[in-house]
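Each chain, letter by letter, is given below.
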Amino acid sequence: MGATQNAHLRHGEGDRALPDPKYTSTRQPAKRQPPRPCTKVSLSVASADCKIFNPGVGVAVRGCKVIFNPPGLSINAFDYNCHLDLIKLLRQEGELVKLRRARQKMSELFPLTEEIWLDWLKDEIRMASENADREKVYDLFERAVKDYICPEIWLEYAQYSIGGIGLEGGIERVRSVFERALTAVGLHVTKGTAIWEAYREFENAILETAQPAPGSIPTPEQQQTLREQLEKIHTLFRRQLGIPLLDMETTYAEYEEWSEDPIPEVVVKNYKKALQQLEKCRPYEEALLVAETPKLAEYQAYIDFEMKVGDPARIQLIYERALAENCLVPDLWARYNQYLDRQLKVKELVLSAHDRAVRNCPWTVGLWIRYLLAMERHRVGHRTISDIFEKALNAGFIQAMDYVEIWQAYLDYLRRRVDFTQDSSKELEELRSAFARAVEYLKQEMEEGFSESGDPSCTIMQNWARVEARLCNNMQKARELWDSIMTKGNAKYANMWLEYYNLERAHGDTQHCRKALHRAVQCTSDYPEHVCDVLLTLERIEGTLEDWDAAVQKTENRLARVNEQRAKAAEKEAALAKLEEEKAEQRKQARAEKKASKKAKKTKSGEKRKAEDDDDGEWGQEEVEQPSKRHKGDGEAMLADEEGEDMEVESGLFGRSAPTRADPLSKQKEKAASSRKEAPKILHDSNKDNVTVFVSNLSYSMTEPEAKLKELFESCGEMAEVRPVFSNKGLFRGYCYVEFMEEKSALKALEMDRRVVEGRPMFVSPCIDKNKNPDFKVFRYSTALEKHKLFISGLPFSCTKEELEEMCKAHGNVKDIRLVTNRAGKPKGLAYVEFENEAQASQAVLKMDGLTIKDHVIKVAISNPPRRRLPDKPEAERASQLAVPRQIYGARGKGRTQLSMMPRALQRQSNPPPKAENGMVQNSPATSSVSPEEPKSMSNADFARMLLKK
């Protein structure tokens, strides 16, 4: 009869058949928090016995011996963790009655996890002593199995029902529970076997009780009962062997041992088919086994596989398994509900899934909208739909626009209820009342909660006006609504006037169309030409000569004023641009004069020293090399390299101390720089951009950059060449080109962007010619709204990534932390923290915003960077840029080697401003070339004589 036949079946006794331990997983209760609940209430669990206070005050439980004060408690009734803390406290204190009320309150707001339900059920089972209490436990089990599909809860339910087998109808009740459990979780590959084995144990126990006493002859009734009971067990074996379950071979061997007859061929065929299907599922089950929570990617792959197979029961089960571990992922709920709505279409199943979705993710407006549509689709009562809508308004959405969407969905539902063939009806009055309430709600509640208008474009009022005009034939009301829309700051937009015009054109009369367009011409500021064209078109088709003349005059006057305003604005912009140019020119002139005076002093002192050493008083023919511009951030070694040639002269003329003797390291750097200076310059080949990366923001003092970068990028793939860029003096300029043999190696190298090298973040970007692609910009981070990511400002500069992670992980699973630094790698006091989902991020915002860290008050918000506005160049500035001829330099720009050696006193300005004389403008240097009589070139000696004569 099998090894499990003699198991004790009373609840709490004997061994329970469990799934394979290696597939058993323990899931911690999910931490969840709606992002921004609208309603904050105190959580009253036992009248005045339990209250939850603000953070820092804690939970005071009257009649208890201790006061529990966890740091995360708040007065928010939608705070999931707050409920958990209260339940934990009451369970520790043994306050079972208050504990029951706390659990009841929590279950009304949230679906409970498997662990919470099992703890609750075990506590209630211990307290149940009478049959009436047993019925209450049955009701609790019925609620538990509706939250999630959990094999352990179904198994506990079945085992508990066996304890009531002696009551009237007890056996049939146990069988009913087992059958429902098989329907719900019997297909579970790893845990379904436990339900099947427990069911067979129960039927085997019934068979044992039906056996006649030893030595007695069974009556015909007993024999019939035995045959029926044996057939039940045979049926269970055959049904189980046709389903792909873990450890099917053991079940098959047990059936062979238990059955006195050979196994039927059809059963063997179904068993082999199930084995083949199990082999197809095994890779996905093994992937789930080794994956880390929440295993969303693995579950999604499993779902895609089952969708291709197409078994609705198995698709439903794998969705339920995924949701049990990812209950806070709105997209997963949305996909599941969409499948149920379009494929299964079973009312109880569909509505249950939608209800659980909005209870798990109440902050997601899309789930509420789908719930309302599903209830309407399955003809749920109007009162129920209205109640669900009211719950949605109190759910706490993240954006003001979410409230517009939920209101619009509800108003659409109310409109579909109205029979517009009747002049007046109760449904029509309810629709109008709802429109008015929506407008008032979005005006007051949104401005209070979000400090912004919930419906700036008046979408709700526009739809209301369309309903009145098209369905109710009430143009008077529609005009009143449009008048209200225009007074809310929309009169300056041409599209709003054209919407109103189209409505009048379709359902009104020509007089009101003309009146609307005349007002539009007067008020529109964004596209007045378009509105004027529409008015002229109307008068051309339907207007009289007087109407045409009036329209032409009005549009001409309006466009004249618009052009005058635009001209004034352009003049103002041009004036501002000119002012900025003058300021820039003044700053440039001041810098040039300062630089010229400094160079003149240095040149004069050099001439004096040279004249004392030279008998003939003439300069040598060798040109004096000008010191190059020193890069920002260069050290003392750079300064010594650039000014070493003139240091001796300066110390003699200006009384500076003599230079210290250069150390061997400086000599080594000078030698390396001189060798690089003599090396030929290699230009980048743009045809190899796809295999080349541009590396920048490196330290100028990096020694042997080529070797250093080869070491850094050797893990990316084989390199063809590393080309550091050096200045004319052979000094490293902080950037280089790294060319690979394959494109995939270059793509892998891009992943090293922002890696810290010698204390600075190294920038690695694609090699793109910005002259050909001026709009190209590399930015690896999103600039859109990311609801699962936080932006933290006001951090102390000493705050480390580890310290911030330790602070944030108390509110959820932290996936990534990025501390914002400047180009030198120094922190800016800003950070981005990415959480696993929106709920955890919102929980962190509520708990962390305004905290003090090392005497710094931080600000925490959902990551939503403002859009970067690129300033448009004024037309006058663009014209001036086009008019002025561009200075033509070499391929490397205006380098040191292109500096003129002529003294500034003898130089002509390259672009002097034109001077007016007697009303005429003199020719600019751009048009007047140098006369042939001027000397073409002069030597340094000639310059020296000229200066000395002066």
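Residues numbered from 1 in each chain as written. Predicted model: local features only at pLDDT ≥ 70, side-chain atom pairs only at ≥ 80, totals over all residues. Heavy atoms only, no water.

### With respect to the overall build of the protein
From N to C terminus, the protein includes 33 helices and 15 strands. Here the protein, with 950 residues, has 39% of them falling under the buried criterion. Taking contacts inside the protein between residues at least 6 apart in sequence as the whole, the part at least 24 apart equals 64%. Surface exposure of the protein reaches about 55300 Å², of which carbon and sulfur atoms provide 50%. (Helix = DSSP H or I, 4+ residues; strand = E, 2+ residues; numbered from the N terminus. Buried < 20%, exposed > 50% of the residue type's maximum accessible area, 1.4 Å probe, protein only. Contact = heavy atoms within 4.5 Å. Areas by Shrake-Rupley, 256 points an atom, 1.4 Å probe, with all protein chains shown as cover.)

### Focus on the packing of aromatic side chains
Summed over the entire model, instances satisfying the criterion amount to 30 aromatic pairs. Residues Phe 178 and Tyr 199 carry aromatic rings whose centres are separated by 4.8 Å and whose planes lie at 5 degrees to one another, so their mutual orientation is stacked. Of this pair, Phe 178 sits in helix α6 (residues 170–185) while Tyr 199 sits in helix α7 (residues 192–210); the two residues are 21 residues apart in sequence, bridging distant segments of the chain. For the residue pair Phe 178 and Tyr 199, the accessibility class agrees, reading buried in each case. For the pair Phe 237 and Trp 258, a centre-to-centre distance of 5.7 Å together with 40 degrees between the ring planes defines the contact as tilted. Separated by 21 residues along the polypeptide, Phe 237 in helix α8 (residues 220–241) and Trp 258 in helix α9 (residues 248–258) bring together distant segments of the chain. (Phe/Tyr/Trp six-rings, centres within 6.5 Å; stacked < 30°, edge-to-face > 60°.)

### Quick notes on the nonpolar core
Soluble, globular proteins show a tendency: their nonpolar side chains are buried together. Of all hydrophobic cores here, the largest spans 163 residues; its most connected members are Ile 153, Phe 178, Ile 406 and Trp 407. If you tally residues by element for this core, the top one is helix α17 (residues 400–417), at ten residues. If near-sequence neighbours (up to four positions away) are discounted, Phe 178 is found in contact with Ala 158, Ile 162, Ile 195, Ala 198, Tyr 199 and Phe 202. In terms of nonpolar packing, the next biggest core, distinct from the first, is built from 20 residues, Leu 709, Cys 736, Val 738 and Phe 740 among them. (Core = buried A, V, L, I, M, F, W, Y, C linked by side-chain atoms within 4.5 Å.)

### Some details on the confidence of the model for the protein
Mean pLDDT over the protein stands at 78; residues scoring 70 or higher make up 73%. Within the protein, helix α26 (residues 647–653) has the poorest average pLDDT of any element, 33, and helix α15 (residues 365–377) the best, 96. Throughout residues 1–75 the model reports pLDDT below 50, and contacts reaching past four residues in sequence, or to other chains, amount to 192 contacts. Scored below 50 in pLDDT, residues 870–936 shows 43 contacts in the model against residues more than four places distant or in partner chains. (pLDDT = per-residue confidence, 0-100.)

### Structural notes on the pattern of salt bridges
Counting across every chain of the model gives 44 salt bridges. Of the charged contacts in the structure, one is a salt bridge between Arg 321 and Glu 285, with a shortest N-O distance of 2.9 Å. Residue Arg 321 is located in helix α12 (residues 312–325), and its partner Glu 285 is located in helix α10 (residues 265–290); the two are separated by 36 residues in the primary sequence. For the residue pair Arg 321 and Glu 285, the accessibility class agrees, reading buried in each case. With its nearest N and O atoms 3.4 Å apart, the salt bridge here joins Asp 547 to Arg 514. Linking Asp 547 in helix α24 (residues 545–613) with Arg 514 in helix α22 (residues 510–523), this pair joins segments that are 33 residues apart in sequence. Relative accessible area serves as the criterion here: at 18%, Arg 514 is assigned to the buried category. Connected via shared salt-bridge partners are Arg 91, Arg 103, Asp 119, Asp 123 and Arg 126. (Salt bridge = Lys/Arg side-chain N within 4 Å of Asp/Glu carboxyl O.)

### Topic: the packing of α8 against α9
Where α8 meets α9, the axes come as close as 10 Å, and the angle between the chain directions of the two elements is 155 degrees. Taken together, the axes of α8 and α9 lie roughly antiparallel to each other. Crossing geometry of α8 relative to α9 is assigned as left-handed. Residues Leu 230, Ile 233, His 234, Phe 237, Arg 238, Gln 240 and Leu 241 of α8 pack against Met 248, Thr 251, Tyr 252, Glu 254, Tyr 255 and Trp 258 of α9. Here the residues of the contact of α8 with α9 sort into eight nonpolar, three polar and two charged. (Axes fitted to C-alpha atoms, helices over the stretch in contact; angles between N-to-C directions. Parallel < 35°, antiparallel > 145°, perpendicular 65-115°, else oblique. Left-handed = near helix turned anticlockwise from the far one by under 90°. Nonpolar A, V, L, I, M, F, W, Y, C, P; charged D, E, K, R; others polar.)

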